[in-house]
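Close look at the chain arrangement
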Amino acid sequence: MNKPARNMLAVEDLQARERDAAVTRAEYELQRLAAEYRVEIGPEIDRMRSIFVQARKLLREERFETACMAFDEIHRSAMDIRGIAATYGFRLATLAAASLCRILEGMVDPADGSMQAIETHLDVLDEVFSDNIGGDGGPRGAVLVKQMEHLRRLSAQESAAARPGVIAARGPRSLQNQ
């Protein structure tokens, strides 16, 4: 092999090692950010749960407009989680947050099934991050997904039965028309 060919191989080898090192640094940084996110998301889930408790109280007091604003705040937080959790390896949290968004978007009437479904989804989000359940959660995640899907379907059925013929343009906002 001539000298230019050897030099070319040496350059290609150096470039490959540099790429590998860059990928390793990026993977490490992503793991670091995921650990940081897991710690930071805990208080956000606690805040969502607190807002949910307040929203239920507002519903009992028939303060629908204020309850709608609370549900909208939960929806915004769920959308944020849905958008970022998978990036950090929490696919189950993304599924739970997306399902929670669908419940809130389809909620026409705050039926008990909707409240139970929302609470369960908040529990799943809390469990994913407090127990550091990565990916889809394996067998445990599969059980949680089935449970969430079942509750979401019941919530949709109850909501539709409570107000036949009403189609919510944007979930919780539709409660303001009561």
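Described below are features of the structure shown in this document. Owing to the predicted nature of the structure, the values given are computational and were not obtained by experimental measurement. (Residues numbered from 1 in each chain as written. Predicted model: local features only at pLDDT ≥ 70, side-chain atom pairs only at ≥ 80, totals over all residues. Heavy atoms only, no water.)

What follows concerns unusual backbone geometry. We note that Glu62 has phi near 60 degrees; this positive angle belongs to a residue other than glycine. Positionally, Glu62 belongs in the loop between α1 (3-60) and α2 (64-84). The class for Glu62 is exposed, based on a relative accessible area of 60%. Here Asn132, not a glycine, exhibits a phi torsion of approximately 55 degrees, which is positive. Looking at the element boundaries, Asn132 is found in the loop between α4 (112-130) and α5 (138-162). When its relative accessible area of 44% is taken as the criterion, Asn132 is described as partly exposed. (Helix = DSSP H or I, 4+ residues; strand = E, 2+ residues; numbered from the N terminus. Buried < 20%, exposed > 50% of the residue type's maximum accessible area, 1.4 Å probe, protein only.)

Here we come to α1. The end-to-end C-alpha distance of α1, which contains 58 residues, comes to 83 Å, matching closely the 86 Å that a straight helix rising 1.5 Å per residue would cover. Among all positions in α1, only Ala34, Tyr37, Ile41, Ile45, Met48, Ile51, Phe52, Ala55, Leu58 and Leu59 are buried. After α1 finishes, the residue Glu62 shows a positive phi value of roughly 60 degrees. (Expected span 1.5 Å × (residues − 1).)

Position of Met115 among the secondary structure elements: in helix α4. With 63 residues separating them in the primary sequence, Met115 and Phe52 have C-alpha atoms 8.8 Å apart. Discounting residues that sit within four places of it in the chain, Met115 has contacts with Phe52, Arg56, Leu59, Phe71, Met107 and Pro110. (Contact = heavy atoms within 4.5 Å.)

Counting across every chain of the model gives eleven salt bridges. In this structure, the salt-bridge partner of Arg56 is Glu119, at a minimum N-O distance of 3.6 Å. Here the residue Arg56 occupies a position in helix α1, and Glu119 occupies one in helix α4, the gap between them amounting to 63 residues. By relative accessible area, Arg56 is classed as partly exposed at 29%. The closest approach of N and O atoms between Glu61 and Lys57, which form a salt bridge, is 3.7 Å. Salt bridges sharing common partners tie together Glu44, Arg47, Glu73 and Arg76. (Salt bridge = Lys/Arg side-chain N within 4 Å of Asp/Glu carboxyl O.)

Let us now look at the packing of α2 against helix α3 (residues 91-106). Two numbers describe how α2 lies on α3: the axes approach to 8 Å, and their chain directions differ by 150 degrees. Considering their axes alone, α2 and α3 lie roughly antiparallel with respect to each other. For the element pair α2 and α3, the recorded crossing hand is left-handed. Residues Phe71, Ile74, His75, Ala78, Met79, Ile81 and Arg82 of α2 touch α3, and the partners they reach there are Ala93, Thr94, Ala97, Ala98, Leu100, Cys101, Leu104 and Glu105. For the contact of α2 with α3, a count of residues per class yields eleven nonpolar, two polar and two charged. (Axes fitted to C-alpha atoms, helices over the stretch in contact; angles between N-to-C directions. Parallel < 35°, antiparallel > 145°, perpendicular 65-115°, else oblique. Left-handed = near helix turned anticlockwise from the far one by under 90°. Nonpolar A, V, L, I, M, F, W, Y, C, P; charged D, E, K, R; others polar.)

Counting across every chain of the model gives three aromatic pairs. Centroid distance Tyr37 to Tyr88: 5.2 Å. Interplanar angle 40 degrees. Geometry classified as tilted. Remark: Tyr88 occurs in the loop between α2 and α3 and Tyr37 occurs in helix α1; sequence separation between them is 51 residues. The same class applies to Tyr37 as to Tyr88, namely buried. Ring centres of Phe90 and Phe129 lie 4.9 Å apart, and the angle between their planes is 55 degrees; this geometry places the pair in the tilted category. Of the two residues, Phe90 is situated in the loop between α2 and α3 and Phe129 in helix α4; the sequence distance between them amounts to 39 residues. (Phe/Tyr/Trp six-rings, centres within 6.5 Å; stacked < 30°, edge-to-face > 60°.)

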